[in-house]
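Per-entry structural report
As a plain string of letters, each chain reads:
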Amino acid sequence: MAPAPERWIDLRSDTVTRPSPAMYQAMAEAPLGDDVYGDDPTVNKLQARAADLLGFEATVLFPTATQSNLAALLSHCGRGDEVIAGARYHVISSEAGGAAALGGIVPCPLPITAAGSMAPGDVEAAIKPDDPHYPRTRLVCLENTWDGRVVPPEDIHAVQAIARAHGLALHLDGARLMNAAVALGRPARDLAAGFDSVTLCLSKGLGGPAGALLCASAEFAGRARRARKILGGALRQAGLIAACGLVALDHQVAGLAADHANARRLAEGLAGLDWLRVDVAGVHTNMVFLDLLAGDPGALTEYAAARGIKLRSRRSGMRLVTHRDVSAADIDTVLAAFRGFAAGRPASAAE
Ligand SMILES: *Cc1c(COP(=O)(O)O)cnc(C)c1O
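Report follows, based on the coordinates. Remember, it's a predicted structure, so these values are computed and weren't measured experimentally.

1. Points about the packing of helix α3 (residues 65-76) against helix α10 (residues 218-230)
At a closest axis distance of 9 Å, the pairing of α3 and α10 adopts a crossing angle of 115°. When the axes of α3 and α10 are compared, the crossing they make is right-handed. Packed against α3, whose contacting residues are Gln-67, Ala-71, Ala-72, Leu-74, Ser-75 and His-76, the element α10 presents Phe-220, Arg-223, Ala-224, Ala-227 and Arg-228 at the interface.

In structure tokens form, the structure reads like this:
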């Protein structure tokens, strides 16, 4: 076993970011209250700030984006109602079936287009007529960014138009919506427009230690607060988390552009290796996807770990995620490690 390096270059996800010095300072100084009584001034400030940023009346702070999405679905749908969403969107594939398990909400998973949306024709065809045989289609859910890709606004508008024509509600899982906004150079509220509710995660690339925001109308926010209580309640002196959220939204959005540049540099460097295939064109934000043409992802992961780099393999491939705790110099270290790894060589010989 190699000794643990003092500082890992951790490319497993952007969830691994640590609070910045400004966040620690903000936590130390934040005025606090009890958010269950609604009187934590720092939570209220963050919620107002997020509502303004995304163009909604109200915002509710959640511990996680998973809980924010679930509370949104529970607020949009009753038991036996149906949500249409991409089969590999987080709400369908990565939230432990919470909407079905706790809300009796029927998932209708659809194929995801190469651009990260759903085909308008697929959405239209999936909407059930008013017939007692069928679940009642209630909600359409999109995700942006999807696998690090910025979903084209026109694709989103096409799905929104169909949902509206059928009287359906629209939820956006915008866990990484600020990455999309920075990549497009557009205000986040433009990308949130046309949705009834939007989830934004504070603990991904924005760098907060925890927290997510659900933006919606004031009436919907009230229902989402009730759902949050059903899901286990709310945090009391949540201003500690909200203080970090304010630093994230006020000071750590612009830095996402550096994460995107690092991801691009990483992808372009990896493109020179003949034992893997990397999707350079698909790098819109902070994620790089690659497939190994030879060699074992597990061996590569071990080889990298011995050099202070944390990777996570998925099937034949890998997703590498850049974030504020990975520097441009770190990208050079990672590229050197990939060059040093000879595909197919047993891990025991890698030293
Ligand atoms: C990470 C993620 C979530 C869940 O976020 P947590 O705060 O970790 O629960 C939801 N949706 C998407 C698209 C995500 O990437």
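Having seen the model, we can carry on.
2. Comments concerning the environment of Cys-201
Relative to the elements of secondary structure, Cys-201 occurs in strand β7 (residues 197-201). Here Cys-201 falls in the buried class, since its relative accessible area comes to 4%. Cys-201 has contacts with Ala-65, Gly-174, Ala-175, Leu-206, Gly-211 and Ala-212, leaving out every residue within four places of it along the chain.

3. Topic: the pattern of salt bridges
Per the counting criterion, the structure on display carries 17 salt bridges. Salt-bridge contacts for Asp-35 lead to Arg-228; the nearest nitrogen and oxygen are separated by 3.7 Å. Of this pair, Asp-35 sits in the loop between α1 (21-29) and α2 (41-54) while Arg-228 sits in helix α10, placing them 193 residues apart in sequence. In terms of burial, Asp-35 and Arg-228 fall into one category: buried. In this structure, the salt-bridge partner of Asp-332 is Arg-265, at a minimum N-O distance of 2.7 Å. Here Asp-332 is found in helix α14 (residues 328-340), whereas its partner Arg-265 is found in helix α12 (residues 256-270), with 67 residues between them in sequence. Since its relative accessible area comes to 41%, Asp-332 is described here as partly exposed.

4. What to know about the sheet that holds strand β10 (residues 287-292)
Spatial strand order, β9-β10-β13-β12: 4 strands in an open sheet with antiparallel pairing. Each end of this open sheet is capped by a strand with a single partner; those strands are β9 (276-278) and β12 (313-314). Contacts between α12 and the sheet are confined to β9, β10 and β13 (317-321), with β10 contributing the most and set at about 20° to the helix. The sheet contacts of helix α13 (residues 297-305) involve β10, β12 and β13, and relative to β13 the element is tilted by about 35°.

Conventions we followed
- Residues numbered from 1 in each chain as written.
- Predicted model: local features only at pLDDT ≥ 70, side-chain atom pairs only at ≥ 80, totals over all residues.
- Heavy atoms only, no water.
- Axes fitted to C-alpha atoms, helices over the stretch in contact; angles between N-to-C directions.
- Helix = DSSP H or I, 4+ residues; strand = E, 2+ residues; numbered from the N terminus.
- Left-handed = near helix turned anticlockwise from the far one by under 90°.
- Contact = heavy atoms within 4.5 Å.
- Buried < 20%, exposed > 50% of the residue type's maximum accessible area, 1.4 Å probe, protein only.
- Salt bridge = Lys/Arg side-chain N within 4 Å of Asp/Glu carboxyl O.
- Pairing = 2+ DSSP bridges.

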